[in-house]
Amino acid sequence: MVRNTLAIAGREFRVYFGSPPAYLITAVFLVITGYGFGWTSVTYMETTIQGFLGWGSFFLLFLGPALTMRLFAEEEKMGTIELLMTSPVRDIEVVLGKYLASLGTLLMMLAITLYYPLLLAWFGDPDWGPIASGYLGIFLIGAVFLSIGIFSSTLTSNQIVAYVVGSAIVLVLWFIGQAAGVAGDKVGVVFRYISISSYFPAFGRGIIDTNALIYFLSIIAVFLFLTIRSLETRRWR
Amino acid sequence: MIEAENLTKYYGTFLAIDDVSFEVGKGEIVGFLGPNGAGKTTTMRILSGFMPPTSGTARVAGHDIHSQSLEARKCIGYLPETVPIYKDMTVEGFLRFYGKIRGMDKRRRESRIQEVMQLCRIEGYARTYIHKLSKGYRQLVGVSQAILHEPDVLILDEPTIGIDPRQVVQIRQLIKDLGQEHTVIISTHILAEVSMICERIMIMDHGKIMAVDSAENLSQRLKGAQKIEIEVKGPAESIASRLRDVKGVFEVTIEGSGDQRKFAVECAPGEDIRDELASAVVESGFSLLGLKSYEMSVEDIFLKLTNREEN
């Protein structure tokens, strides 16, 4: 089980860093978060990574599904899925393998941004607690976006469609919290409860809330489960 | 080795295969022959575990393809029609990946990779990225992937399509050799190919198996007429009319142009009238340049069988 998952993850990870899109996405992410970090630090003269977290989380909304749109749509289009699905591997191993590879890529992207806090430490005396929890938070929401993206990638053989569907789901889950204000008290609570954006800011302030952890992990589990089911149903289509 | 029972598959309302049953024994090479859309690929996809049948069942090496799918898949080497190989990997990397997910341990995997690359004569491209390879070489990579883990059963869907003649010969020989130890099913619509490689032929059309037999028996069974080709120098029309007068000749058709023509003579089966034909030509004062007799080919049988269904 673990062996097959790692074999698939290893292949995907190599594909990520053997092809331009991952570099492009990483580059865009670094430019945007670098600007956000620099601008916030200079304007407010703070030694926090709030600028990076705010800009980074927002642009991950768009970059997450871009990282994962390839995973199944391309296999479907190229027909390689036929060989993969007739190999003695379980659907869950295929899904987890591909998901791990995308998580690995996300980690690489975040690892490069570690020079932001190092810069802070060079020029000032930052509070490391919120920085650590902030990184945990941005990794978790990234992981959520990737699980949604991988699900949408199983729905179609067209990467663009996979991307659009993936970002649509992500955007709804993000902005539904903003709609809570106009939705009235009862519905508003539900909206806030299911919105990703209501759980994220606390991480930046150094708070790791159990509710938030459970929320993120459940969303990931739900979408990975849906991915496996979607893969199963494609055999019957 | 392979037992298929009443396999039926609907795509929506379209009936792709209809109540197909057959058995393939160990070490046998069986060819699926049929026009496009006959249900060959569908049958192979069901056997390989890529998709389930609407009804019916099949066992591969004793494992039910549905309830013991993983075990069945372990015993199969499969080359789908589209040659699905990751273009962004090297030949060696691709084979290594498939060795890994088929559970081969490292030592066996590495030695088998070298072996199959030599067998398919692609060892010179071990570190070449697959997107740089021509279609023929990709097909060979596909074949080497299928035999990598020494499966009991090989399912090859159109293994020689779209590649150059030299490689076709190479792949056919390879399949023949593999048939010594493995059970092989290949599909093709190239008729010469099945009669060359396969011990048994299954002719499929409209989702049904129309006939199952060896190539020789099939042509024996369906022998309707015999064909003789004669090459004669002289005026075409008078030669043709002279040939028509020979006893046992059904029909003469003139092929080609100029004063050196070929004539296709169809005659009753079982009798050898080459003698009479030759004398007729020579006695009339024309020069006989060539004479050749043809058996009904698998091709003719195939066309007969598949046309009969439409009529």
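Residues numbered from 1 in each chain as written. Chains lettered and ligands numbered in written order. Predicted model: local features only at pLDDT ≥ 70, side-chain atom pairs only at ≥ 80, totals over all residues.

> Please clarify how the overall build of chain B should be interpreted in this entry.
Scanning chain B from N- to C-terminus turns up 11 helices and 14 strands. Along the first, second and third principal axes, the C-alpha set of chain B runs to 75 × 45 × 35 Å. Buried positions account for 39% of the 311 residues belonging to chain B. The contacts in chain B between residues at least 6 apart in sequence include a share of 67% that link residues at least 24 apart. (Helix = DSSP H or I, 4+ residues; strand = E, 2+ residues; numbered from the N terminus. Buried ≥ 20, exposed ≤ 12 C-beta atoms within 10 Å, placed from the backbone. Contact = placed C-beta atoms within 7 Å.)

> It is not clear to me how the overall build of chain A should be interpreted in this structure. Could you clarify?
Secondary structure assignment for chain A yields 12 helices and 0 strands. In sequence order, the secondary structure elements of chain A are arranged as α-α-α-α-α-α-α-α-α-α-α-α. Here the C-alpha radius of gyration of chain A, 19 Å, is about what a compact globule of 237 residues would show, namely 18 Å. With the C-alpha coordinates of chain A rotated into their principal frame, the extents come out at 55 × 45 × 30 Å. (Rg over C-alpha atoms; globule rule 2.2 N^0.38 Å.)

> In this structure, what is going on with the interface of chain A and chain B? I would like to understand it.
You'll often see interface size given as the accessible area lost when the parts meet. Contacts between chain A and chain B engage 19 residues on the former and 21 residues on the latter. Residue assignment for the side of chain A that touches chain B shows that the elements contributing at least two residues are helix H1 (2-16), helix H5 (80-85) and helix H12 (210-236) of chain A. Sorting elements by how many residues they give to the side of chain A that touches chain B places H1(A) first, with 5 residues. Among the residues making up the side of chain A that touches chain B, the classes are represented as 9 nonpolar, 7 polar and 3 charged. (Nonpolar A, V, L, I, M, F, W, Y, C, P; charged D, E, K, R; others polar.)

> In this structure, what is going on with the sheet that holds strand S4 (residues 55-60) of chain B? I would like to understand it.
Whether parallel or antiparallel, the strands of a sheet pair through hydrogen bonds between backbone atoms. Residue and element names in this part refer to chain B. Taken together, 4 strands build an open sheet; the order of strands is S2-S1-S4-S5 and the sheet is antiparallel. Whereas interior strands pair on both sides, the edge strands pair on one side only; in this sheet they are strand S2 (14-24) and strand S5 (63-64). Pairing between strand S1 (residues 2-11) and S4: 5 bridges, direction antiparallel. Each bridged residue has a counterpart across the sheet, and for Ala 4 the counterpart in S4 is Ala 58. Contacting S1, S2 and S4, helix H1 (residues 40-48) crosses the sheet at an angle of about 120 degrees to S1. (Pairing = 2+ DSSP bridges. Axes fitted to C-alpha atoms, helices over the stretch in contact; angles between N-to-C directions.)

> Sorry if this is basic, but what is going on with the nonpolar core here?
The tendency in soluble globular proteins is for nonpolar side chains to be buried side by side. A:Val144, B:Phe94 and B:Ile155 are the most contacted members of the largest nonpolar core, which totals 122 residues. If you tally residues by element for this core, the top one is helix H8 (residues 128-153) of chain A, at 12 residues. Discounting chain neighbours no more than four positions away, the residues touching B:Ile155 are B:Met44, B:Leu47, B:Ser48, B:Ile76, B:Tyr78 and B:Ile185. Judged by nonpolar contacts, the second largest core, of 12 residues, contains B:Ile239, B:Phe263, B:Ala280 and B:Val281. (Core = buried A, V, L, I, M, F, W, Y, C linked by C-beta atoms within 7 Å.)

> For this particular structure, what's the right way to read the pairing of strand S9 (residues 200-205) of chain B?
Looking down a regular strand, the side chains alternate between one sheet face and the other. All names here are of chain B. In terms of burial, S9 is a largely internal element, 5 of the 6 residues being buried. Across 4 bridges, the pairing between strand S3 (residues 29-33) and S9 is parallel. Bridge pairing in S9 links Val 30 to Arg 200. Linking S9 to strand S10 (residues 208-213), which pair antiparallel, is a turn of 2 residues; within it His 206 sits at a positive phi near 50 degrees.

> Got a minute to help me understand the domain arrangement of chain B in this structure?
Splitting chain B by domain gives domain 1 (2-221) and domain 2 (226-294). Taken over C-alpha atoms, the centre of domain 1 of chain B sits 44 Å from the centre of domain 2 of chain B. (Domains from an automatic or database assignment.)

> Could you clarify how one ought to interpret H1(B) in this entry?
In an α-helix there are 3.6 residues to a turn, and that puts residues three or four apart on one side. All names here are of chain B. Most of H1 is tucked away: 9 of the 9 residues are buried. When we look at burial in H1, the residues that qualify are Lys 40, Thr 41, Thr 42, Thr 43, Met 44, Arg 45, Ile 46, Leu 47 and Ser 48. A positive backbone phi angle near 90 degrees is found at Gly 49, which sits one or two residues after H1.

> Looking at this structure, how should I read the sheet that holds strand S7 (residues 153-157) of chain B?
Residue and element names in this part refer to chain B. Taken in spatial order, the 6 strands of this open sheet run S6-S7-S8-S3-S9-S10, and their pairing is mixed. In this open sheet, the two edge strands, each paired with only one partner strand, are strand S6 (76-79) and S10. Across the sheet, the axes of successive neighbouring strands diverge by a mean angle of 15 degrees, strand direction being ignored.

> I'm lost on unusual backbone geometry in this one. Help?
Most of the time, phi is negative for any residue but glycine, and the peptide bond is trans. Residues and elements named next belong to chain B. For Arg 121, which is not a glycine, the phi torsion comes out positive at approximately 55 degrees. Examined against the element boundaries, Arg 121 turns out to sit in the loop between helix H4 (106-119) and helix H5 (135-147). A positive phi angle, close to 45 degrees, is found at Glu 150, a residue other than glycine. Considering the arrangement of structural elements, one finds Glu 150 in the loop between H5 and S7.

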